[in-house]
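Fold and contact review
Read off the chains here:
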Amino acid sequence: MLGNSSENKPPFADYNTKLFIKKSGEVYRNPTQVQMSQIVLPCHANHCGELSVGQLLKWMDSTACLSAERHSGVSCVTASVDDINFEHTIEVGKVVNITAKVNRAFTSSMEVGILVMCEDLYTSHQWKVCRAFATFVARRTEAGKVQLKQVIPHTQMEQMEYSLAAERRRMRLIHAEIITDLLSCKCQTQEYKDAVPAERTRVESVELVLPPHANHQVSTFGGQIMAWMENVATIAAR
Ligand SMILES: CC(=O)SCCNC(=O)CCNC(=O)[C@H](O)C(C)(C)COP(=O)(O)OP(=O)(O)OC[C@H]1O[C@@H](n2cnc3c(N)ncnc32)[C@H](O)[C@@H]1OP(=O)(O)O
């Protein structure tokens, strides 16, 4: 999928670039890896004519969910998505390539790594848009909490992601505790001259959950919730 010139290569080891040949001579492909490609249509664009972040988050969440379900073999839900830094906007007509794979499974939760690349079909130029890490949890069954099978890393890259996933999980859980503490403490407010009252930026949206907002589990999914959140955040910021 990547072009030949070195400038087209992403600045990190990409999920697609390195082939790992097994002893049997077969090319190894991570069994949890899922790829989705979408061409950006006007109906996916925001008021600036660029791919709306909400739409991208929906695609990312759906791709990651399929990867989690491929590994677990059961229905999974999005528990959290770590910070995402978007490096580029994406124009209508460009192709979005999303790759997701399970980096590590814990007990009932697993970290899914997501890579978003943008492609210009006419020049085959590709560039990185963002990388994200999401935690998916296998839904409890009648027997109780699911015990996931472990991920066995095969390549050096997979081994590195496997090790880092444990560290990221530790930081994620500490971060969640810190945020809970911050929200429960009474912070002192400071008055600023010409400040806009926070209340004036407040935007509220009420959404009715309709069939197009549901996923294959017939419930709203993380990506849809993030898309609604992104919508009100954009209006509040403007
Ligand atoms: C409302 C929506 O439609 S949002 C879109 C879709 N997402 C959902 O519906 C998820 C809604 N949330 C939930 O169902 C629950 O909060 C869950 C399943 C995520 C967690 O439920 P809990 O009762 O906390 O379960 P429990 O304490 O057993 O934790 C389950 C696992 O999730 C992990 N987990 C829970 N919250 C988080 C989080 N915020 N970030 C990362 N991992 C988390 C736990 O560490 C645990 O992992 P482990 O089993 O590998 O050790």
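If you're wondering where the values come from, they're calculated on a predicted model, not measured in any experiment.

In this section: the overall build of the protein chain. From N to C terminus, the protein chain includes three helices and seven strands. Moving toward the C terminus, one meets the helices and strands of the protein chain in the order β-β-β-α-β-β-β-β-α-α. In terms of overall dimensions, the protein chain has C-alpha extents of about 70 × 50 × 40 Å along its principal axes. For the protein chain, with 238 residues in total, the buried portion stands at 38%. Accessible area for the protein chain stands at about 14,900 Å²; split by element, carbon and sulfur atoms hold 56% of it.

Under the UniProt annotation, the feature "domain: HotDog ACOT-type" (unreviewed entry) is placed at residues 30–142. Along residues 30–142, the helical share is 18% and the strand share 43%, with 30 Å between the first and last C-alpha atoms.

So, on to the sheet that holds strand β7 (residues 125–138). Pairing is antiparallel across the open sheet formed by five strands, whose spatial order is β3-β5-β6-β7-β4. Looking at which strands have only one partner, the edges of the open sheet turn out to be β3 (34–39) and β4 (76–81). Averaged over all pairs of adjacent strands, the angle between strand axes in this sheet comes to 30°, irrespective of strand direction. Looking at chain direction, strand β6 (residues 109–120) and β7 are connected through 12 bridges and run antiparallel. Note that in β7 the partner of Met110 across the bridge is Phe136. Packing of helix α2 (residues 156–184) onto the sheet brings it into contact with β4, β5 (95–105), β6 and β7, and relative to β5 it is tilted by some 75°.

As enumerated under the stated definition, the model contains zero aromatic pairs in all. The ring of Tyr162 has Arg104 sitting right over it, with the charged end atom 3.9 Å from the ring centre. Above the face of the Phe106 ring, Arg169 is positioned so that its terminal group lies 4.5 Å from the ring centre.

The environment of the ligand is made up of 17 residues, and the closest members are Thr78, Ser80, Thr107, Ser108 and Ser109. Contact distances for the ligand include 2.6 Å between an oxygen atom and a side-chain N or O atom of Ser109. In the model, an oxygen atom of the ligand is placed 3.3 Å from a nitrogen or oxygen of the Arg169 side chain. Protein contacts shield 56% of the accessible area of the ligand, which totals 980 Å² for the unbound molecule. At the level of elements, β4, β7 and α3 (222–237) are the ones that each hand at least two residues to the shell around the ligand. Examining the composition of the shell around the ligand, we find that four residues originate from one element, β4, more than from any other. Here the residues of the shell around the ligand sort into six nonpolar, eight polar and three charged.

This next bit is on unusual backbone geometry. Here Ser124, not a glycine, exhibits a phi torsion of approximately 55°, which is positive. Mapped onto the secondary structure, Ser124 falls in the loop between β6 and β7. Exposure remark for Ser124: the relative accessible area of 34% places this residue in the partly exposed category. Despite not being glycine, Val218 shows a phi value in the positive range, around 60°. Here Val218 is to be found in the loop between α2 and α3.

Thresholds, definitions, all that
Residues numbered from 1 in each chain as written. Predicted model: local features only at pLDDT ≥ 70, side-chain atom pairs only at ≥ 80, totals over all residues. Heavy atoms only, no water. Helix = DSSP H or I, 4+ residues; strand = E, 2+ residues; numbered from the N terminus. Buried < 20%, exposed > 50% of the residue type's maximum accessible area, 1.4 Å probe, protein only. Areas by Shrake-Rupley, 256 points an atom, 1.4 Å probe, with all protein chains shown as cover. UniProt positions renumbered as here; feature names shortened; annotations may be inferred. Pairing = 2+ DSSP bridges. Axes fitted to C-alpha atoms, helices over the stretch in contact; angles between N-to-C directions. Contact = heavy atoms within 4.5 Å. Phe/Tyr/Trp six-rings, centres within 6.5 Å; stacked < 30°, edge-to-face > 60°. Lys NZ or Arg CZ within 6 Å of the ring centre and 35° of its normal. Near = heavy atom within 4 Å. Polar contact = N/O pair within 3.5 Å; in protein donor to acceptor, adjacent residues only side chain to side chain. Nonpolar A, V, L, I, M, F, W, Y, C, P; charged D, E, K, R; others polar.

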